[in-house]
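Chain by chain, the residues run as shown.
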Amino acid sequence: MAAQRGVLFQEKVSRMLSKQHGRPVLKPNKPLVLKDEVANRRVKRGGASCVTEISVLMACWKQNSFVESVCSAETKAFYSCVDEAQAAKKNTSELSAVQGERLPPKQATLLLKRFPNLRTEI
């Protein structure tokens with residue numbers, strides 16, 4: 001059923017693009033060809049980690065007139081959270097290289113320029 005719908009859709013598009021009735025119904029304003037580059041957008045960064053630990057540490061400093069020796073437990077908790085976050089980031093970067101997530105825009109453009117698309121319309 002789905003394949004039949006796809007064929008019907010392709011026939012409808014070809015009829016709309018055909019010049020049987022004098023002029024095409026659909027006239028694209030740009031060529032129907034893919035470009036050899038992608039938009040250069042910034043990669044979204046992840047959210048901040050250990051925000052609660054650093055806020056607890058700063059509250060402790062403020063309550064104790066910024067004496068670091070009194071807030072050693074909070075400092076240790078913050079540093080352990082930072083170590084865990086760095087380890088998690090390292091693990092996700094290794095997994096993403098293996099699983100093949102999205103390419104950064106510069107790398108995608110480099111690959112598209114190395115292997116260009118067809119320049120003729122379909």
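Conventions used here
- Counting restarts for each chain, with residues numbered from 1 along the sequence as it is written.
- The model is predicted, so local features are restricted to residues of pLDDT at least 70 and side-chain atom pairs to those at 80 or more, both for listing and for counting; the totals for chains, interfaces and linings are taken over all residues.
- In computing side-chain values, all of the structure's heavy atoms are included and hydrogens and water are not.
- Residues grouped as a nonpolar core are buried Ala, Val, Leu, Ile, Met, Phe, Trp, Tyr and Cys residues, joined through side-chain atoms within 4.5 Å.
- Summary of the burial criterion: residues with accessible area below 20% of their type's maximum are buried, those above 50% are exposed, and those between are partly exposed, where the area comes from a 1.4 Å probe applied to protein chains only.
- Put simply, DSSP H or I for four residues or longer makes a helix, DSSP E for two residues or longer makes a strand, and each gets a number counted from the N terminus.
- A helix is expected to span 1.5 Å for every residue after the first.
- Confidence of the predictor at the level of single residues is captured by pLDDT, which takes values from 0 to 100.
- Within the patch definition used here, like charges are joined within 9 Å and nonpolar side chains (Val, Leu, Ile, Met, Phe, Trp, Tyr) within 5 Å, considering only residues with over 30% relative accessible area and no salt bridge.
- Each accessible area is a Shrake-Rupley result for a 1.4 Å probe, and residues are judged covered by the shown protein chains and nothing else.
- Here, a salt bridge means any Lys or Arg side-chain nitrogen found within 4 Å of an Asp or Glu carboxyl oxygen.
- Disulfide: a pair of cysteine sulfur atoms within 2.5 Å of each other.

(A) Representation of the nonpolar core in the model. Core analysis: the biggest nonpolar cluster contains six residues, these being C50, L57, C60, C71, F78 and C81. Mapped by element, the contributors of at least two residues to this core are helix 2 (51-63) and helix 3 (72-99).

(B) Quick peek at unusual backbone geometry. Non-glycine residue S65 carries a positive phi angle of around 55°. Turning to its location among the elements, S65 is positioned in the loop between helix 2 and helix 3. Residue S65 is classed as exposed on the basis of its relative accessible area of 59%. The phi torsion at F66 lies on the positive side, around 60°, for a residue other than glycine.

(C) View of helix 2. Helix length check: helix 2 (13 residues) gives 18 Å between terminal C-alpha atoms against 18 Å at 1.5 Å per residue, within 8%. In the stretch just after helix 2, S65 is the one whose phi turns positive, near 55°.

(D) Local environment of the confidence of the model for the protein. Per-chain confidence: the protein averages 80 in pLDDT, with 77% of residues scoring 70 or above. Taken element by element, the predicted model of the protein shows its lowest mean pLDDT in helix 1 (residues 2-17) (74) and its highest in helix 2 (93).

(E) Focus on a nonpolar patch on the surface. On the surface, L103, L111 and F115 cluster together to form a nonpolar patch covering roughly 290 Å² of accessible area. Inspection of the secondary structure puts L103 in the loop between helix 3 and helix 4 (105-114).

(F) The arrangement of the pattern of salt bridges in detail. As enumerated under the stated definition, the model contains one salt bridge in all. Linking E37 and K113 is a salt bridge whose minimum nitrogen-to-oxygen distance equals 3.7 Å. Taken together, the residues E37 in the loop between helix 1 and helix 2 and K113 in helix 4 connect sequence positions 76 residues apart.

(G) Spatial organisation of the state of the cysteines. Within the structure shown, the criterion is met by two disulfides. Each disulfide pairs two cysteine sulfurs, and for C50 the partner residue is C81, the sulfurs being separated by 2.0 Å. Judged by the torsion about the S-S bond (-100°), the C50/C81 disulfide is left-handed. With C50 in the loop between helix 1 and helix 2 and C81 in helix 3, this residue pair connects regions lying 31 residues apart in the sequence. According to the relative accessible area criterion, C50 is buried, its value standing at 9%. You can call C81 buried: its relative accessible area is 14%.

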